Amino acid sequence: MNIKTCLITGANTGIGKAAAIQIAKEGYHVILACRSKERGEIALEEVRKASNSSSIELMLVDLSLQSSIKDMVEKFRLQYDRLDVLIHNAAIFDITQKKVKYTKEGIESIWATNHLGPVLLTQLLLGSLKRSPQGRIITISSKGLLAHPYLQVDLEDPEFRNRKFNVAKMYYQSKIAQVMYSYWLAKKLEKTNITVNSIRVTNVKVDLSRYPNLSNIEKLGYILKSKSSITPEEMAKTYTYLATSNEVNEVTGKYYDEKNKMVRSSKYSYDFDNINRVMDVSMKFINM
Ligand SMILES: NC(=O)c1ccc[n+]([C@@H]2O[C@H](COP(=O)([O-])OP(=O)(O)OC[C@H]3O[C@@H](n4cnc5c(N)ncnc54)[C@H](OP(=O)(O)O)[C@@H]3O)[C@@H](O)[C@H]2O)c1
């Protein structure tokens, strides 16, 4: 296949779906990597229609499960020799979650989905990305981290096994870990054709039907928040910029906001001693 291929995780809704449409309009072959066949197939039709492209495909993967990631990559490799863009968009953050949950592989589910899944998926797709003339990896973080400037990954207990579970703390820990992972990977790949950048997603309108357990107060909170939020389509423009623009052909190891501007993450996240410690701990969870 001569056209470029972009794989986006969690592309059946929200920013991921909007980015899939935009990137398909740029002429890329787009793979929607989704966990639900039903939601994925509906999105596949929507993305095809909205982008006026038939070069869209669905692949099923549950990012919280390493076995599922391995299965999807095996299928990918049978069909494709190379990958040009990999966007780690899928993530979970349900503010109604009060208790810790573990995947059937025994890992805390937010840590598994938002951080470890992207690390393993990238690792398994590196060979395919290296075969692209210019491979791009994009990780997704959150502007909400600005409210936690001193947040660190708990190296002793990243899964909240011995401390009180808090869904927001777990989510932001997974997002700072993704930013640090991006810097780590960019450095590892600096002599290759692959770039790695991260996006600081701002307050984007959330589809409340995805969270049926919200209390009235929580719903009100989201409604008030949505007054200052941007649309998934607006946010997706930064995904599309980093995925497709020639302006960033050689940019790597950077952090971007919704205006396509380079921004800084916390001081802690740039320190390579911290980064190496976080990645050493992360790798212990991953079964290559
Ligand atoms: N919205 C915001 O204000 C905001 C702010 C900061 C950062 N972000 C980040 O921006 C990204 C997109 O956010 P969004 O608001 O568009 O999210 P969203 O609407 O909740 O969509 C999340 C996507 O991830 C998928 N996903 C979740 N767990 C998965 C798993 N185990 N395997 C495969 N796919 C899985 C979901 O699939 P299902 O449909 O099957 O659940 C869905 O497609 C996320 O990384 C999020 O953390 C968003």
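Everything numeric here is computed off the predicted structure, so don't read it as measured data.

Caption draft 1: Representation of the site of the ligand in the model. Around the ligand, 31 residues are found, and the nearest of them are Gly10, Gly14, Ala90, Ala91 and Val201. The element that contributes the greatest number of residues to the shell around the ligand is helix 1 (residues 14-25), accounting for three residues. A per-class count over the shell around the ligand returns 13 nonpolar, 13 polar and five charged.

Caption draft 2: Up close: the packing of helix 5 (residues 167-188) against helix 9 (residues 272-285). With their axes 9 Å apart at the nearest point, helix 5 and helix 9 run at an angle of 105° to one another. The orientation of helix 5 relative to helix 9 falls into the category roughly perpendicular. Judged by residue contacts, Ala177, Met180, Tyr181, Tyr183 and Trp184 of helix 5 engage Asn274, Ile275, Val278, Met279 and Ser282 from helix 9. Taken together, the residues of the contact of helix 5 with helix 9 break down into eight nonpolar, two polar and no charged.

Caption draft 3: The arrangement of unusual backbone geometry in detail. Of note in this structure, Asn52 is not a glycine but carries a positive phi near 55°. Summarising the element assignment, Asn52 is placed in the loop between helix 2 (37-51) and strand 3 (56-60). Despite not being glycine, Phe160 shows a phi value in the positive range, around 55°. Relative to the helices and strands, Phe160 is located in the loop between strand 5 (135-142) and helix 5.

Caption draft 4: The arrangement of the nonpolar core in detail. The biggest cluster of nonpolar side chains holds 73 residues, and the ones touching the most others in it are Ile8, Ala20, Val30 and Leu32. At ten residues, helix 5 tops the list of elements feeding residues into this core. Apart from residues no more than four positions distant in its own chain, Ile8 is found in contact with Gly16, Ala19, Ala20, Val30, Leu32, Ala33, Ile87 and Asn89.

Caption draft 5: Representation of helix 4 (residues 109-130). Spanning 22 residues, helix 4 covers 30 Å between terminal C-alpha atoms, matching the ideal 32 Å at 1.5 Å per step. Along its length, helix 4 shows its largest kink, about 45°, at Leu124. Burial within helix 4 is extensive, with 16 of its 22 residues counted as buried.

Caption draft 6: Geometry of the environment of Leu120. You can see Leu120 is positioned in helix 4. Leu120 gets classed as buried once you count the C-beta atoms within 10 Å, which come to 23. Distance from Leu120 to Thr96, taken between C-alpha atoms, is 28 Å for residues 24 residues apart in sequence. Excluding its chain neighbours within four sequence positions, the residues that come into contact with Leu120 are Gln66, Ile69 and Ile286.

How each quantity is defined
- Residues numbered from 1 in each chain as written.
- Predicted model: local features only at pLDDT ≥ 70, side-chain atom pairs only at ≥ 80, totals over all residues.
- Near = placed C-beta within 6 Å.
- Helix = DSSP H or I, 4+ residues; strand = E, 2+ residues; numbered from the N terminus.
- Nonpolar A, V, L, I, M, F, W, Y, C, P; charged D, E, K, R; others polar.
- Axes fitted to C-alpha atoms, helices over the stretch in contact; angles between N-to-C directions.
- Parallel < 35°, antiparallel > 145°, perpendicular 65-115°, else oblique.
- Contact = placed C-beta atoms within 7 Å.
- Core = buried A, V, L, I, M, F, W, Y, C linked by C-beta atoms within 7 Å.
- Buried ≥ 20, exposed ≤ 12 C-beta atoms within 10 Å, placed from the backbone.
- Expected span 1.5 Å × (residues − 1).
- Bend = angle between axes of the 7 residues up to and from the residue.

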